[in-house]
Amino acid sequence: MSFPSRISAITISKTGDFDVIEKTEVPFPKSEPGHVLVKTSYGGVNFIDTYYRKGLYPIKTFPFVVGSESAGTIAALPADQSVLADEEFKLREFKIGGKVAVYGPGAFAEYVSVPWDSVFPVPDAVTLNTAAAALTQGATAITFMNEAYDVRKGDTVFVHTVAGGLGLIFAQYAKLRGATVIGTTSTEAKAAIARAHGADHVILYPVEDTVQRTLEITNGEGVNVVFDGVGKDTFENDFKILRRKGTLVSVGNASGAVPPFSPLKLAEKNLRLLRPTLGNYVATPAEGRRYSTELYTLIAQGALKINVHREYPFTAEGVQQAQKDLTGGKTTGKLVIKIAD
């Protein structure tokens, strides 16, 4: 099969505001012996894209191709015989034309070449649109609710921004594991969506006191675990709504990074604090296969529903608007970029 020498991609040549996002041409990805080449159909929009764009996370070289997850079809398999003989590689049953999801940088491009263990098979029953929308947030929810805090039947789980893409998956997965889910959101319309996805109690934080309502719901005891993707603006209240020996899982920093604090803050209730990343939970091929298989199996069975809020065009303006909508709190569910049919 012949491939073009250059491809279209969404890139930034420097860090800054939304206007640094542009659509340019970049060289066709270099073929690596242990990589899978994927023709991209959809890309998922995540807060990490905005962290790179603003310079919160370091970028080694420019131009930098935006995006950290995508889905498409396999265009070429690894050439490395040791990879082809690897038992974990064989278990994925890759084939030319097969549907896959990709976890890794440089996703918003017509083709991506990535290490084989960052590529995950997608069942026939799952569309590529859904596959791209589900990967990062779905795998984050499943790994964090298994490893950061093992959610169990009878637990009370608190999720900030429960109507967002990650929040809706957190709510559904916690319910599947038998937990009671409390969440926050900004409007009654968003609250209705959250309830439809498993949230038992939804607090409207602009008009309700989050701490007071949470303690009322839990009869003053507090929750077992908080999953907080907001960061700076909600961090202090997390300590007030956790019960003794509770766990705070700092998921992200949508409102800004959490400021430094004394570890003695944890001693008042013997709390645990984690700031995990998905990458460190799927660092081995076996881990990646385990969690991606669980994710896409639950979706194929209808046990986990992925809410796609909006699909944006593969243009600079489309990706700029997607990031504006994501950071502006105007969305429920996931945002995706349609890169190709």
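For the structure, check the block above.
First, a word on scope: everything that follows refers to the structure included in this document. Along every chain, residues carry numbers that run from 1 in the direction the sequence is written. Totals for whole chains, interfaces and linings use every residue, but because this is a predicted model, local features are given only for residues with pLDDT of at least 70 and side-chain atom pairs only at 80 or more, for both listing and counting. The side-chain quantities take in all heavy atoms of the structure and omit both hydrogens and water.

Quick notes on the side chain of Thr11
At step 1: Numbering of helices and strands starts at the N terminus; helices are DSSP runs of H or I of at least 4 residues and strands are runs of E of at least 2. Relative to the elements of secondary structure, Thr11 occurs in strand β1 (residues 6-12).
At step 2: Between buried and exposed lies partly exposed: a residue is buried under 20% and exposed over 50% of the maximum accessible area for its type, with that area taken using a 1.4 Å probe on protein chains only. Owing to a relative accessible area of 1%, Thr11 belongs among the buried residues under this scheme.
At step 3: Those residues in contact with Thr11 that lie beyond four places of it in its chain are Val20, Ile21, Glu22, Thr24, Val26, Pro63, Phe64, Val65 and Val66. Only heavy atoms enter the contact rule, under which two residues are in contact if any of them lie within 4.5 Å.

Some points on the pattern of salt bridges
At step 1: In the sections that follow, a salt bridge refers to a side-chain nitrogen of Lys or Arg positioned within 4 Å of a carboxyl oxygen of Asp or Glu. Counted under the stated rule, the structure contains 16 salt bridges.
At step 2: Asp150 is the partner of Arg177 in a salt bridge, and the nearest nitrogen-oxygen pair spans 2.5 Å. Here Arg177, found in the loop between α5 (165-176) and β10 (180-185), pairs with Asp150, found in the loop between α4 (128-148) and β9 (156-159); they are 27 residues apart in sequence, far enough to count as distant.
At step 3: Relative accessible area serves as the criterion here: at 22%, Arg177 is assigned to the partly exposed category.
At step 4: Assessed through its relative accessible area of 31%, Asp150 is described here as partly exposed.
At step 5: One salt bridge connects Arg310 with Asp325, and the closest N-O pair in it is separated by 3.4 Å. In this pair, Arg310 sits in strand β15 (residues 308-313) while Asp325 sits in helix α11 (residues 316-327), placing the two residues 15 residues apart along the sequence.
At step 6: For Arg310, a relative accessible area of 39% corresponds to the partly exposed category.
At step 7: Given the relative accessible area of 9%, Asp325 is considered buried.
At step 8: Salt bridges sharing common partners tie together Asp150, Arg152 and Arg177.

A word on unusual backbone geometry
At step 1: Note that the residue after Phe62, namely Pro63, is joined by a cis bond; omega there is 0°.
At step 2: Looking at where Pro63 falls in the secondary structure, it is placed in the loop between α1 (47-54) and β4 (64-65).
At step 3: If you check the backbone angles, Thr161 has positive phi at about 45° while not being a glycine.
At step 4: Position of Thr161 relative to the elements: it lies in the loop between β9 and α5.
At step 5: Despite not being glycine, Lys245 shows a phi value in the positive range, around 65°.
At step 6: Its place among the elements puts Lys245 in strand β13 (residues 242-250).
At step 7: Its relative accessible area of 55% is what places Lys245 among the exposed residues.

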